[in-house]
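Listed below, chain by chain, are the residues.
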Amino acid sequence: MSISGLPPDEGRALRDALGDWATGVAVATTLDPAGQPVGMTVNSFAAVSLQPPLVLWSARHGVPPFDAFELADHFAIHVLSDRQQPLSDRFARVGGDKFAGLDWQPGHAGLPLLDGALARFQCRVAHRYPGGDHLILVGEVLDIARGAGAPLLFQGGAYRTLAR
Ligand SMILES: Cc1cc2nc3c(=O)[nH]c(=O)nc-3n(C[C@H](O)[C@H](O)[C@H](O)COP(=O)(O)O)c2cc1C
């Protein structure tokens, strides 16, 4: 794949450079049109606005959960703690039922909510913007929940944790 404005062989360089940006790790969830829970690991989550309360993340076109997120009116973002790396791995896996054997509770509009997150945001989709090979979803925060612990981080293509 070529990247507009950069020679095609710069894709790796772009990924590596973007990997210098240290982020948290989150799991985005929603319901598909059949009412089945879907989710994916994301590190594109960001704060947008306090008044009104808005957050964003971006979903890559073509991955199986994409269609559900593109159509969804609501999504939940679970900010993972450093004890939840297995959950990040589970939701970053390609294919399969990521919710198999996992406890979840229905939230706003039936949103699948997972336990143990450091912070959880239930959102109504406020805007959808094209973002190249991703779709940018901006959500109005309807509800917040907080847990305890330290964040799981991602940088340089690897999980990290805060130095104690
Ligand atoms: C740390 C990390 C961050 C990720 N961030 C994003 C993201 O922001 N947006 C995205 O579309 N995919 C992201 N992914 C990849 C998706 O999690 C992955 O493509 C998706 O879970 C695949 O879903 P599927 O198994 O249903 O195909 C990330 C993966 C990891 C490990």
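Note that the structure is a prediction, hence the values are computed from the model and not measured.

1. Concerning the pairing of strand β4 (residues 46–49)
Next, step 1: Pairing between β4 and strand β5 (residues 54–60): three bridges, direction antiparallel. Of the residues in β5, the one forming a bridge with A47 is V55.
Next, step 2: As consecutive antiparallel partners, β4 and β5 are separated by four residues.

2. Here's the deal with the site of the ligand
Next, step 1: The environment of the ligand is formed by 19 residues, the closest being S44, R60, P64, R93 and G95.
Next, step 2: Contacts to the ligand include S58, whose backbone N or O atom sits 2.8 Å from a nitrogen atom.
Next, step 3: V94 is positioned with one of its backbone polar atoms (N or O) 3.4 Å from an oxygen atom of the ligand.
Next, step 4: Cavity membership is defined here by more than half of the atoms lying within 2 Å of grid points; on that basis the ligand lies in the largest pocket.
Next, step 5: Of all the secondary-structure elements, those providing two or more residues to the shell around the ligand are β3 (37–42), β5 and α3 (85–92).
Next, step 6: Residue composition of the shell around the ligand, by class: ten nonpolar, six polar and three charged.

3. Some thoughts on the side chain of H78
Next, step 1: With respect to the helices and strands, the residue H78 is situated in strand β6 (residues 74–79).
Next, step 2: Of note is the side chain of H78, whose polar atom sits 3.0 Å from the backbone nitrogen of L114.
Next, step 3: Residues contacting H78, with those up to four places away along its chain left out, are V25, A26, V27, T29, P112, L113, L114, A117, A119 and R120.

4. Details of the pattern of salt bridges
Next, step 1: Within this structure, the stated rule accounts for two salt bridges.
Next, step 2: Taking the shortest distance from any N to any O, the salt bridge between D16 and R12 comes out at 3.0 Å. Highlighted residues: D16 and R12, both in helix α1 (residues 11–18), separated by four residues, approximately one helical turn.
Next, step 3: Among the salt bridges present, the one from R124 reaches E140, with a minimum N-O distance of 2.7 Å. Of the two residues, R124 is situated in strand β9 (residues 119–131) and E140 in strand β10 (residues 134–146); the sequence distance between them amounts to 16 residues.
Next, step 4: The class for E140 is partly exposed, based on a relative accessible area of 25%.

Criteria and cut-off values
- Residues numbered from 1 in each chain as written.
- Predicted model: local features only at pLDDT ≥ 70, side-chain atom pairs only at ≥ 80, totals over all residues.
- Heavy atoms only, no water.
- Pairing = 2+ DSSP bridges.
- Helix = DSSP H or I, 4+ residues; strand = E, 2+ residues; numbered from the N terminus.
- Near = heavy atom within 4 Å.
- Polar contact = N/O pair within 3.5 Å; in protein donor to acceptor, adjacent residues only side chain to side chain.
- 1 Å grid on protein atoms, 1.4 Å probe; cavity = no way out; pocket = protein on both sides within 12 Å on 5 of 7 lines; lining within 4 Å.
- Sits in = over half its atoms within 2 Å of the grid points.
- Nonpolar A, V, L, I, M, F, W, Y, C, P; charged D, E, K, R; others polar.
- Contact = heavy atoms within 4.5 Å.
- Salt bridge = Lys/Arg side-chain N within 4 Å of Asp/Glu carboxyl O.
- Buried < 20%, exposed > 50% of the residue type's maximum accessible area, 1.4 Å probe, protein only.

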